[in-house]
Amino acid sequence: MFTRLRIHGSPLTPRHRPRVAAIGLALVLVFGGLLALLQPLPAHGLASSSHGVGHLWKGDNFSWIGSYRMDDGRLGFCLEAGRPSPIGNDYSTSLTTQVAGTTPEETARLAWIARTYAATTSRDDAAAAQLAVWTITGLNGHTQEYYAARANERAAFVLQRAKAILADADTKATMTASARMTLQLDERGTARITGDILTTAPGGSPTVLPSGQHAGSTKLVGATLPDGKTSGSVKNGEPVAITPDTSKPEMQVRADVTFTDLPFGREVYVGTSPSRSQGLLFSAGGRATVTAHDTKKALSPRPFQPRVETQTSAAQAKPGALLVDRLEVSVAQGPGLLPEWGRYRSGESLAPIPVTVTSRLLGPFVDPIAPAPAWPDEPPTVCTVSTVFASGPAKATTPPCRVPAPGYYVWVETIDPADTPSDKGRDRVRPWKSPFGTASEVTFSPKSIAVQTRVRDEQLDAGSCAVDELDVSGFSQIAEGEHPEVDVESLLLGPFAEPVSDGRDLSDIDSSPSPARR
């Protein structure tokens, strides 16, 4: 039966290990009663199996400067100069942002050294990194030169390299890492995002990393990436054009960015052994994850197209009557148009863009009005009135216009963006003009009906019937297809003692002889 022997305390080099193993085996054979004492120690996660990468001092073929290799293949550095070697000892590891006996800034430097050099295959770099670690955690009363000498003829180089590593750690070590998302959005519908990574060096302030060093992911709400998707990959510091959703009066975009597995921060793994051999420093690798988001709002660049449906208040009106037009304003749909009423920014909130409908009563026209897409040139105009729609789509009634004379009349409407103030969304209003002569807008005003009479017989016998001949005029102005009824009341007054002269006023029939009505 083979039993692994772990010797605590004495650093073992490859040339020493076979001899010790042989002695251990002899002890087991001679002192069988001690077998139980030499059973393997309980495991504490992993064990240091050998030297890693570095230099063995030729002066004693024993002293070592460099990394140590664990039985899981991991490489690390010793933290406590002068303590027994970790080789052959069990270790448990824990993740920490504070190495015992160091300041937060020193832990950050140690974390950077471990991330950068723990896995190096360069013997000089491994030795220099170990010397840099001991310089931070304590040289146990010795100088850097003392430990650098273990690199034999490479001692001077290792010493200078260690100093360079320490200088780099001052600027490249990071206390913290964070992300920043910058979303740019303007009212032209132009937008872009930039996800940055910021790190803070010991004793420094947050600094933006050079662009393009790390890949991250982004997620958008209210916009899409160039490929039409709402999520994808980005590089730090590199702007990406996005397309916002402009279908609402106000664009609202949120952009999130996440960078994972970043080699920043103070996290390290520290190994400790119950044998009280040297503590070990391991890299935590790229464990930092940073996220950020930004939200922006801006008015949509799309214009909207108001439209008007109208109906005159009367299809027929006498001269002197008042006419109004009943308006219903809505939003027309179409490519590139905002599908709803536009808004403008009023302080901290949004308000409907005010739109003015200008109504004109045209006429009188002699002939019946025929519908046409265009208005006649310089048409006769009775009046022009305006109605302001300040709250979006609605119904309203125009101010009245008086019909001046018999004839045909028609309402027409326009919307001119110039009637909207520039600071209230003028550039987002599309103009509108009504067609001419729609049936619901035409009003006919007939001439006054005139009646002329003449008795058929100038002389009649008593008891005979008198007949009055009527001549009614004014029907020529009645619209085609209309058949108005006109009631004419005829009164036969008399008898009078004397002839009645032409032009005599007989309106006071109560004082006249009894009338006969027809």
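Below: a short report on this structure. Quantities reported herein were computed from a predicted structural model and do not represent experimental measurements. (Residues numbered from 1 in each chain as written. Predicted model: local features only at pLDDT ≥ 70, side-chain atom pairs only at ≥ 80, totals over all residues. Heavy atoms only, no water.)

Observations regarding the pattern of salt bridges
Stage number 1. Summed over the entire model, instances satisfying the criterion amount to 16 salt bridges.
Stage number 2. Across the pair Arg109 and Asp170 runs a salt bridge whose closest N-O atoms are separated by 2.7 Å. Residue Arg109 is located in helix H2 (residues 104-117), and its partner Asp170 is located in helix H5 (residues 155-172); the two are separated by 61 residues in the primary sequence.
Stage number 3. With its nearest N and O atoms 2.7 Å apart, the salt bridge here joins Lys296 to Asp294.
Stage number 4. Overlapping salt bridges bring together Glu187, Asp427 and Arg428 as one network. (Salt bridge = Lys/Arg side-chain N within 4 Å of Asp/Glu carboxyl O. Helix = DSSP H or I, 4+ residues; strand = E, 2+ residues; numbered from the N terminus.)

Structural notes on the nonpolar core
Stage number 1. One finds Ile113, Leu131 and Ile165 to be the most contacted residues of the largest nonpolar core, which totals 44 residues.
Stage number 2. Counting only elements with at least two residues in this core, the list comes to strand S2 (64-70), strand S3 (75-78), H2, helix H3 (123-137), helix H4 (144-148), H5, strand S13 (268-272) and strand S14 (280-283).
Stage number 3. In terms of residues, this core owes the most to one element, H3, which gives eight residues.
Stage number 4. Residues in contact with Ile165, not counting those within four places in the same chain, are Trp112, Ile113, Tyr117, Asp125, Ala128, Ala129 and Ala132.
Stage number 5. The next biggest cluster of nonpolar side chains, apart from the first, holds 25 residues, and it includes Ala179, Val234, Met251 and Val290. (Core = buried A, V, L, I, M, F, W, Y, C linked by side-chain atoms within 4.5 Å. Buried < 20%, exposed > 50% of the residue type's maximum accessible area, 1.4 Å probe, protein only. Contact = heavy atoms within 4.5 Å.)

Digging into the packing of H2 against H5
Stage number 1. Viewed as axis vectors pointing N to C, H2 and H5 meet at an angle of 115 degrees, and their least axial separation amounts to 9 Å. Of the two elements, H2 crosses H5, and the hand of that crossing is right-handed. Judged by residue contacts, Arg109, Trp112, Ile113 and Tyr117 of H2 engage Arg161, Ile165, Asp168, Ala169, Asp170 and Lys172 from H5.
Stage number 2. A class-by-class count of the residues in the contact of H2 with H5 yields five nonpolar, no polar and five charged. (Axes fitted to C-alpha atoms, helices over the stretch in contact; angles between N-to-C directions. Left-handed = near helix turned anticlockwise from the far one by under 90°. Nonpolar A, V, L, I, M, F, W, Y, C, P; charged D, E, K, R; others polar.)

A closer look at the packing of H3 against H5
In a pair of packed helices, the angle between the axes and the distance between the axes together describe the arrangement.
Stage number 1. For the pair H3 and H5, interaxial distance at closest approach is 8 Å and the crossing angle is 60 degrees. Relative to H5, the element H3 is oriented oblique. For the pair H3 and H5, the sense of crossing is right-handed. Between H3 and H5, the contacting residues are Asp124, Asp125, Ala127, Ala128, Ala129, Leu131, Ala132, Thr135 and Ile136 on the first element and Phe157, Val158, Leu159, Arg161, Ala162, Ile165 and Leu166 on the second.
Stage number 2. Of the residues contributing to the contact of H3 with H5, the split by class is 12 nonpolar, one polar and three charged. (Parallel < 35°, antiparallel > 145°, perpendicular 65-115°, else oblique.)

Section: the sheet that holds strand S10 (residues 231-235)
Stage number 1. Read from one edge to the other, the open sheet built from four strands follows the order S10-S8-S12-S15, with strand pairing classed as antiparallel. The outermost strands of the open sheet, each flanked by one partner alone, are S10 and strand S15 (288-299). Neighbour to neighbour, the strand axes of the sheet diverge by 25 degrees on average, direction disregarded.
Stage number 2. Sheet topology places strand S8 (residues 215-221) next to S10; five bridges connect them, and they run antiparallel. The residue of S10 that forms the bridge with Lys219 is Ser231. (Pairing = 2+ DSSP bridges.)

Let's talk about the state of the cysteines
Note on terminology: a disulfide is the covalent bond linking the sulfur atoms of two cysteines.
Stage number 1. Using the criterion set out here, one finds one disulfide in the structure.
Stage number 2. Linked covalently through their sulfurs, Cys383 and Cys401 form a disulfide whose S-S length is 1.5 Å. Because the torsion about its S-S bond is 100 degrees, the bridge between Cys383 and Cys401 counts as right-handed. Of the two residues, Cys383 is situated in strand S22 (residues 381-389) and Cys401 in strand S24 (residues 401-402); the sequence distance between them amounts to 18 residues. Here Cys383 and Cys401 have matching classes, each one buried. (Disulfide = S-S within 2.5 Å.)

A short note on H5
Stage number 1. Here H5 spans 25 Å end to end across 18 residues, near enough to the 26 Å set by a 1.5 Å rise per residue.
Stage number 2. Burial in H5 covers these residues: Ala155, Val158, Leu159, Ala162, Ile165, Leu166 and Ala169. One side of H5 holds all its buried residues, which, seen down the axis, span an arc of 120 degrees. In H5, those exposed residues whose orientation departs by more than 90 degrees from the buried face are Ala156 and Thr171. (Expected span 1.5 Å × (residues − 1). Arc of directions from axis to C-beta.)

Description of the environment of Gln252
Stage number 1. Structurally, Gln252 is set in strand S12 (residues 250-262).
Stage number 2. Judged by relative accessible area, which is 46%, Gln252 ranks as partly exposed.
Stage number 3. Linking Gln252 and Lys296, residues 44 residues apart in sequence, is a C-alpha distance of 6.0 Å.
Stage number 4. Those residues in contact with Gln252, other than ones at most four positions away along the chain, are Val221, Gly222, Lys296 and Lys297.

Some points on the side chain of Arg115
Stage number 1. Relative to the elements of secondary structure, Arg115 occurs in helix H2.
Stage number 2. One polar contact links the side chain of Arg115 to the main-chain carbonyl oxygen of Pro263, over a distance of 3.0 Å.
Stage number 3. What Arg115 contacts, discounting residues up to four positions off in sequence, is Thr174, Pro263, Phe264, Gly265, Ser283 and Gly285. (Polar contact = N/O pair within 3.5 Å; in protein donor to acceptor, adjacent residues only side chain to side chain.)

Let's talk about the packing of aromatic side chains
Stage number 1. Tallied over the entire structure, the rule returns six aromatic pairs.
Stage number 2. Ring geometry for Phe304 against Trp341: centres 5.0 Å apart, planes inclined by 45 degrees, an arrangement best described as tilted. Of this pair, Phe304 sits in the loop between S15 and strand S16 (305-312) while Trp341 sits in the loop between strand S18 (325-332) and strand S19 (343-346), and the two are 37 residues apart along the sequence.
Stage number 3. Residue classification places Phe304 among the buried positions, given a relative accessible area of 0%.
Stage number 4. Through successive ring pairs, a cluster of aromatic residues spans Trp134, Tyr146 and Tyr147.
Stage number 5. Taking the ring centre of Trp375 as reference, the NZ or CZ of Lys433 above it sits at 4.4 Å. (Phe/Tyr/Trp six-rings, centres within 6.5 Å; stacked < 30°, edge-to-face > 60°. Lys NZ or Arg CZ within 6 Å of the ring centre and 35° of its normal.)

Examining the pairing of strand S11 (residues 240-244)
Stage number 1. Burial along S11 is one-sided: Val240, Ile242 and Pro244 are buried, and none of Ala241 and Thr243, which face the opposite way, are.
Stage number 2. Sheet topology places strand S6 (residues 191-200) next to S11; three bridges connect them, and they run antiparallel. By the bridge assignment for S11, Ile193 is matched with Val240.
Stage number 3. Pairing geometry for strand S9 (residues 223-224) and S11, over two bridges, is antiparallel. Within the sheet, the bridge partner assigned to Thr224 lies in S11 and is Thr243.

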